[in-house]
Amino acid sequence: MSLVEEYEEGEYGRAPKRLKTAEVEEGEELEEGEDSDSESAGLLGDVENVGAEKKALWTTTKYGPARRDSGEDSHRIAQSPVVHVRGLCEAVVEADLVEALEKFGPICYVMMMPFKRQALVEFEMVESADKCVACGSSEAVYIAGQQAFFNYSTSKRITRPTNSDNPNSGNKVLLLSIQNPLYPITTDVLYTVCNPIGSVMRIVIFKRNGIQAMVEFESVECAQKAKAALNGADIYAGCCTLKIEYARPTRLNVIRNDNESWDYTKPYLVRRDVSERGKGRQAILGEHPSSYGDNGYGSHCPLLPLPGNSRYKLSSHDIPEVVAYPLPQSSSYNNHGSSSVAMVSGLHPTKMNCTRIFNLFCLYGNIEKVKFMKSVPGTALVEMGDEYAVDRAITHLNSIKVFGKRLNVCVSKQHAVIPSQVFELEDSSSSYKDFAMTRNNRFTSQGQASKNIIQPPSCVLHYYNVPPCISEDQLLRLCSEHDVPGFTKFKMFDAKPSSKTISGLLEFDSKTHAVEVLTVLNHYQIRIPNGSNPYTLKLCFSTSSHL
């Protein structure tokens, strides 16, 4: 078994499910959206405990710290050593929570939920949690300069991947989950982020259903400092957000030094040659940006303030005043050619066309042009906005099944799609289409791109920009009319009274069914009686695994 296979079957295969358990209990019904009223995307997990949490009355509201909804007691949820914190600012990290809340008592664990602007804080004693909740109900409590809101969690303990018998157990190996990875994540990037805080020994990166990495530090103390300083922080502004937990392994085994693994105690390990990689094993986000050199980094951009700043409880001799991260450049490859064109083969001859390819690939980057190859049936070229988008598409769409055929997605040798040899496909549509000016591209501005959470295909679809008059039965009828599988579970999010659209979740029997529905119905024009303009149905893969 290879190095990557070993860790993917071990730590990577189990940890996300465990980590999700506690996060889901406190999750809001937020999802990826673009045209909905939500200003930013959120994460939505299993909803088993959402109902109980939603019934809780928060200790403070926007109307004042002592307000109660309907005059009911805010302690309806049973007392717990775990406190659910809401209303955090986007820049908050674990160290901010510890600094603000340790006055109530010793804190043994913190779980960040950065996209929700929430966190779970586990105190060693219930009495400490009581003080925290009580204080929040009588006066404003500020975390990183912004008022936060507190209530007991429905959980009695935060689930963590390490020793379950010891709530204070730590590990010198951290598990990093990189959320919304719009730029390349390599061993070089993670070393630059982590090593200024504590000496990094080894790094292993996993790239399957998203991006995760394990980073081994010299000591447990170094790992603790890194977790406190970086948990919840963005590597780059507005993306590549770190969610950090302690990993299960106590030591990493690295057999080669390259972009996916590195042993900094053994610089003599052979770096894998790029030419040895199979065509189907493209890097998720490409190689490191061109500002990287063999002996170091190019220009740096300080993005994350660290102590020196009074928000953090670490001393200046432990950690430098800022951590500088390399800026992503326009070209992500140094040692081999890059391309913003993907080649897609294995396309169904009658059910796939240019528009349906756009519907699927637009989730990972802007689409410029799509062209079917006349000389190679079932194969198309997809020109995307940049090579990063191609890498994301390869990561999440290579080897998935669509209409009974398995797609093969790889980097094309072409650097642009030329509209030559245009012919008619079997469904009578054109073999070439230009999407450069379409409003359905989702990465046309930095603000728009930041609302897209890069998510692998799942059996749950998030729908949005739907007129309020559309019902569950009408959506099922829409699936039936277009000869795609119907959903098995339906959930509609509560909308503001002033909202002109609605959104929600659709669960299907399988991931393949969800992919086919998205491919066919994404950007479908919904017309309503007496409506001047149609509504564009928008679909994307949800962060939920089920409803």
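The text that follows walks through the structure, step by step, so that each part is easy to find. For every chain, the first residue of its written sequence is number 1, and the numbers climb from 1 along that sequence. For a predicted model such as this one, the threshold for reporting local features is a pLDDT of at least 70, and the threshold for listing and counting side-chain atom pairs is 80 or more; totals across whole chains, interfaces and linings nevertheless cover every residue. Side-chain descriptors were evaluated using all non-hydrogen atoms of the structure, hydrogens and water having been removed beforehand.

1. Some remarks on the sheet that holds strand β1 (residues 82-86)
Thinking step 1. Strand pairing follows a simple DSSP-based rule, namely that at least 2 bridges must link the two strands. In DSSP terms, a helix is any run of H or I states spanning at least four residues, a strand is any run of E spanning at least two, and both are numbered starting from the N terminus. Pairing is antiparallel across the open sheet formed by five strands, whose spatial order is β2-β3-β1-β5-β4. The open sheet has two free edges, formed respectively by β2 (107-113) and β4 (141-143), since each of these has just one partner strand. The mean inter-strand angle of the sheet, taken between neighbouring strand axes irrespective of direction, is 35 degrees.
Thinking step 2. Where β2 meets strand β3 (residues 118-123), six bridges bridge the pair, whose relative direction is antiparallel. Paired with methionine 112 across the strands is alanine 119, a residue of β3. Angles shown run from 0 to 180 degrees and are taken between the N-to-C directions of axes, each axis being a line fitted to C-alpha atoms and, for helices, limited to the stretch in contact.

2. Notes on the pairing of strand β23 (residues 460-466)
Thinking step 1. With seven of its seven residues buried, β23 lies for the most part within the structure.
Thinking step 2. Across five bridges, β23 lies against strand β25 (residues 502-507) in antiparallel orientation. Residue tyrosine 463 lies in a different strand from β25, and its bridge partner there is glycine 504.
Thinking step 3. Alignment of β23 against strand β28 (residues 538-541), held across four bridges, turns out to be antiparallel. Considered in β28, the bridge of tyrosine 463 is made with leucine 539. Each residue gets one of three labels from its accessible area relative to the maximum for its type: buried under 20%, exposed over 50%, partly exposed in between, using a 1.4 Å probe on protein chains only.

3. Focus: the pattern of salt bridges
Thinking step 1. The term salt bridge refers to a pairing of a side-chain nitrogen on Lys or Arg with a carboxyl oxygen on Asp or Glu at a separation within 4 Å. Here the structure, examined in full by the defined rule, presents four salt bridges.
Thinking step 2. Residues lysine 227 and glutamate 94 are paired through a salt bridge, measuring 2.9 Å at the closest nitrogen-oxygen approach. Pair noted here: lysine 227 is in helix α6 (residues 220-230) and glutamate 94 is in helix α3 (residues 94-101), with a separation of 133 residues, a long-range link. The same class applies to lysine 227 and to glutamate 94, which are both buried.
Thinking step 3. When salt bridges with common partners are traced through the structure, they connect Lys172, Arg202, Glu216 and Asp263 into a single cluster.

4. A look at α6
Thinking step 1. Taken together, the buried positions of α6 are occupied by Cys222, Ala223, Ala226, Lys227, Ala228, Ala229 and Leu230.
Thinking step 2. Phi turns positive, to about 100 degrees, at glycine 232, one or two residues after α6.

5. Observations regarding the sheet that holds strand β17 (residues 367-372)
Thinking step 1. Taken in spatial order, the five strands of this open sheet run β21-β16-β18-β17-β22, and their pairing is antiparallel. Edge strands, defined here as strands with exactly one partner in the open sheet, are β21 (408-411) and β22 (432-434). Each adjacent strand pair in this sheet contributes to an overall mean axis angle of 20 degrees, direction not counted.
Thinking step 2. Across four bridges, strand β16 (residues 341-345) lies against β21 in antiparallel orientation. Along β21, the bridge assignment pairs methionine 343 with cysteine 410.
Thinking step 3. Of the strands in this sheet, β16, β17, β18 (379-384), β21 and β22 are in contact with helix α7 (residues 354-361), which crosses β17 at around 140 degrees.
Thinking step 4. Whether two residues are in contact is decided by their heavy atoms: any pair within 4.5 Å suffices. Helix α8 (residues 387-397) rests against β16, β18 and β21 of the sheet, and its axis sits at about 155 degrees to β21.

6. Here we look at unusual backbone geometry
A negative phi holds for most residues other than glycine; trans holds for most peptide bonds.
Thinking step 1. The residue asparagine 180 is not glycine, and still its phi comes out positive at about 55 degrees.
Thinking step 2. Mapped onto the elements of the fold, asparagine 180 is located in the loop between β6 (173-179) and α5 (187-194).
Thinking step 3. Among the residues examined, asparagine 180 registers a relative accessible area of 1% and is labelled buried.
Thinking step 4. For serine 428, which is not a glycine, the phi torsion comes out positive at approximately 75 degrees.
Thinking step 5. Tracing the chain through its elements places serine 428 in the loop between β21 and β22.
Thinking step 6. By relative accessible area, serine 428 is classed as exposed at 51%.

7. A closer look at empty space enclosed by the protein
Thinking step 1. Of the two site types, the cavity is a set of points on a 1 Å grid over the protein atoms alone where a 1.4 Å probe fits but cannot get out, and the pocket is an open set with protein on both sides within 12 Å along at least five of seven lines, each lined by residues with an atom within 4 Å of a point. Grid points are joined across faces, edges and corners, and a volume is the space filled by probe spheres set on the points. Evaluated as defined, the whole model comprises four cavities of 30 Å³ or more.
Thinking step 2. Roughly 120 Å³ of internal volume is contained in the largest cavity.
Thinking step 3. Leu363, Arg442, Asn452, Ile453 and Cys540 are, among the 12 residues lining the largest cavity, the residues nearest its centre.
Thinking step 4. A class-by-class count of the residues in the lining of the largest cavity yields eight nonpolar, two polar and two charged.
Thinking step 5. For the lining of the largest cavity, the domains that each give at least three residues are domain 3 (341-446) and domain 4 (455-542).
Thinking step 6. If you add up the space inside the second largest cavity, you get close to 70 Å³.
Thinking step 7. Every residue along the wall of the second largest cavity is listed here: Tyr463, Leu475, Leu478, Cys479, Phe487, Leu506, Val517, Leu521, Leu537 and Leu539.
Thinking step 8. Secondary structure elements with two or more residues in the lining of the second largest cavity: α10 (472-481) and α11 (511-521).
Thinking step 9. No other element matches α10, which puts three residues into the lining of the second largest cavity.
Thinking step 10. Side-chain classes follow a simple rule in which Ala, Val, Leu, Ile, Met, Phe, Trp, Tyr, Cys and Pro form the nonpolar group, Asp, Glu, Lys and Arg form the charged group, and the remainder, Gly included, forms the polar group. Its residues assigned to classes, the lining of the second largest cavity comprises 10 nonpolar, no polar and no charged. For the purposes of this description, domain bounds are those given by an automatic or database domain assignment.

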